[in-house]
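Coordinate inspection notes
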Amino acid sequence: MPLTRRHLLGLGGAATAAGLLGLAACSRATPAAAEARPQRQFEVMRSDAEWRRLLTPAQYAVLRQQATERAGSSPLDREHRSGTFICAGCGLPLFSSSTKFDSGTGWPSFWAPLHNAVGEDRDTTFGMLRVEAHCRRCGGHLGHVFNDGPRPTGLRYCMNGVALLFQPGPAQQDSNGGWRVPLGSSRVSGA
């Protein structure tokens, strides 16, 4: 079947719509996904009103509603001092500055979390298979994990800077050694 102008315009319109949907998916909260998630128990549990009182609106949107901050908006992406990145919701140490790298994505990225700090869940929102990273103590959404990072793990923990706080000082080291590979990482695309 020959490719006509009508076909090209139709394909262009479909590509534009898909691109706009993808852009919107990366820049706003996904309350439907948050509501569909079964309620789980974490060490730190608070009511919605308590979370709203304790967190800034941006922190609440990311940590409690799985929103994504705008790329390049976090000063933590450009943080290069020695120290520890902690959860903005509960203060749990999550990442050492020694595992941070510049991924060029506009979000703070790490090749491994501290031992027993980050939990993972499969995330199939927007028709994609991804691995969501959350604080294992309060369940706050941090970002996603992809398998396109540097050695030694080959992983990229792409985190929302607003979900983290930075404590300068000696970089915390993983006391137990070794790095945990997230569930399904070998099947997750780096997109």
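Residues numbered from 1 in each chain as written. Predicted model: local features only at pLDDT ≥ 70, side-chain atom pairs only at ≥ 80, totals over all residues. Heavy atoms only, no water.

Quick look at the overall build of the chain
Defined as follows: Strands are runs of DSSP state E lasting at least 2 residues, helices are runs of H or I lasting at least 4, and numbering of each runs from the N terminus. Buried residues are those whose accessible area, probed at 1.4 Å on protein chains only, stays under 20% of the maximum for their type, while exposed residues exceed 50% and partly exposed ones sit between those limits. Here, residues are in contact when the closest pair of their heavy atoms is within 4.5 Å. Note on areas: Shrake-Rupley, 1.4 Å probe, and residue coverage restricted to the protein chains presented here.
Looking only at helices and strands, one finds 4 helices and 9 strands in the chain. Taken from the N to the C terminus, the helices and strands of the chain come in the order α-α-α-α-β-β-β-β-β-β-β-β-β. Expressed as a percentage of its 191 residues, the buried residues of the chain come to 43%. Partitioning the intrachain contacts of the chain with sequence separation of at least 6 by distance along the chain shows that 63% fall at a separation of at least 24. Taken as a whole, the chain presents about 10300 Å² of accessible surface, with 56% of it coming from carbon and sulfur.

Quick look at the sheet that holds strand β3 (residues 100-101)
As a reminder, the rule being used: Strands are treated as partners if at least two bridges between them are detected by DSSP.
If you walk across this open sheet you meet the 6 strands as β3-β4-β8-β7-β6-β5, and the pairing is antiparallel. Among the strands making up the open sheet, the edge pair consists of β3 and β5 (118-123).

Here we look at the side chain of Ser-97
As for its position among the elements, Ser-97 is in the loop between β2 (93-96) and β3. Ignoring anything within four residues of it in the chain, the contact list for Ser-97 reads Arg-81, Ser-82, Gly-83, Phe-85 and Ala-171.

A word on the packing of aromatic side chains
As a reminder, the rule being used: Stacked, tilted and edge-to-face are the three classes applied to pairs of Phe, Tyr and Trp rings, where Trp contributes its six-membered ring and a pair requires centres within 6.5 Å; stacked means planes under 30 degrees apart, edge-to-face means over 60, and tilted covers the rest. Only when the NZ of Lys or the CZ of Arg is both within 6 Å of the ring centre and within 35 degrees of the ring normal is a charge said to sit over the ring.
Scanning the model with the defined rule gives 4 aromatic pairs in all. Of the aromatic side chains, those joined through ring pairs into one cluster are Phe-85, Phe-95, Phe-110, Tyr-157 and Phe-166. Across from the ring centre of Trp-51, 4.2 Å away, lies the NZ or CZ of Arg-64, which sits over that ring.

Overview of the pattern of salt bridges
Oppositely charged side chains can form a pair if their charged atoms are brought close together. What counts here: Every case where a carboxyl oxygen of Asp or Glu lies within 4 Å of a side-chain nitrogen of Lys or Arg is listed as a salt bridge.
Summed over all chains, the structure comprises 6 salt bridges. Arg-40 is the partner of Asp-121 in a salt bridge, and the nearest nitrogen-oxygen pair spans 2.7 Å. A residue pair is termed long-range when its members are at least 10 positions apart, and Asp-121 in strand β5 and Arg-40 in the loop between α2 (31-36) and α3 (48-54) qualify at 81 residues. As a salt-bridge pair, Arg-52 and Asp-48 come within 3.0 Å of each other at their nearest N and O atoms. Of this pair, Arg-52 and Asp-48 both sit in helix α3, separated by 4 residues, roughly a single helical turn.

Considering the sheet that holds strand β1 (residues 83-87)
Cut-off, in case you're wondering: Only C-alpha atoms enter the line fits that serve as axes; for helices the fit covers just the stretch in contact. Angles between N-to-C directions range over 0 to 180 degrees.
The strand order β2-β1-β9 describes an open sheet built from 3 strands, whose pairing is antiparallel. Looking at strand neighbours, the two that pair on one side only are β2 and β9 (164-168), the edges of this open sheet. Averaged over neighbouring strand pairs, the angle between their axes works out to 30° when direction is ignored. Bridge count between β1 and β9: 5 bridges; the pairing is antiparallel. Bridge assignment links Cys-87 to a residue of β9, and that residue is Leu-164.

Digging into the environment of Phe-110
Its location among the elements puts Phe-110 in strand β4 (residues 109-110). Residue classification places Phe-110 among the buried positions, given a relative accessible area of 0%. Look past the residues within four positions of Phe-110 in its chain and what remains in contact with it is Phe-85, Phe-95, Ser-96, Thr-99, Lys-100, Phe-101, Leu-155, Arg-156, Tyr-157, Met-159 and Leu-164.

Topic: the confidence of the model for the chain
Put simply, the test is: Within a predicted model, pLDDT stands for the predictor's per-residue confidence, ranging from 0 to 100.
Chain-level statistics for the chain give a pLDDT mean of 80 and a share of 71% at 70 or above. Across residues 14-36, confidence stays below pLDDT 50; counting only partners more than four residues off in sequence or on other chains, it has 16 contacts. This stretch, residues 181-191, has a pLDDT under 50; its non-local contacts, to residues over four places away or in other chains, come to 28 contacts.

What about the nonpolar core?
For the record, the criterion: What we call a nonpolar core is a set of buried Ala, Val, Leu, Ile, Met, Phe, Trp, Tyr and Cys residues that are connected through their side-chain atoms within 4.5 Å.
Counting 33 residues, the largest nonpolar core has Leu-94, Phe-95, Val-118, Leu-142, Tyr-157, Met-159 and Leu-164 as its most contacted members. Of all the secondary-structure elements, those providing two or more residues to this core are α4 (57-65), β1, β2, β6 (130-135), β7 (141-146), β8 (156-159) and β9. The biggest single contributor to this core is α4, with 4 residues. Aside from chain neighbours lying at most four places away, what touches Leu-164 is Leu-76, Phe-85, Ile-86, Ala-88, Leu-94, Phe-110, Leu-142 and Met-159.

Observations concerning the environment of Leu-92
Its location among the elements puts Leu-92 in the loop between β1 and β2. Judged by its relative accessible area of 8%, Leu-92 is buried. In contact with Leu-92, not counting residues within four places along its chain, are Phe-85, Ile-86, Cys-87, Ala-117, Cys-135, Arg-136 and Arg-137.

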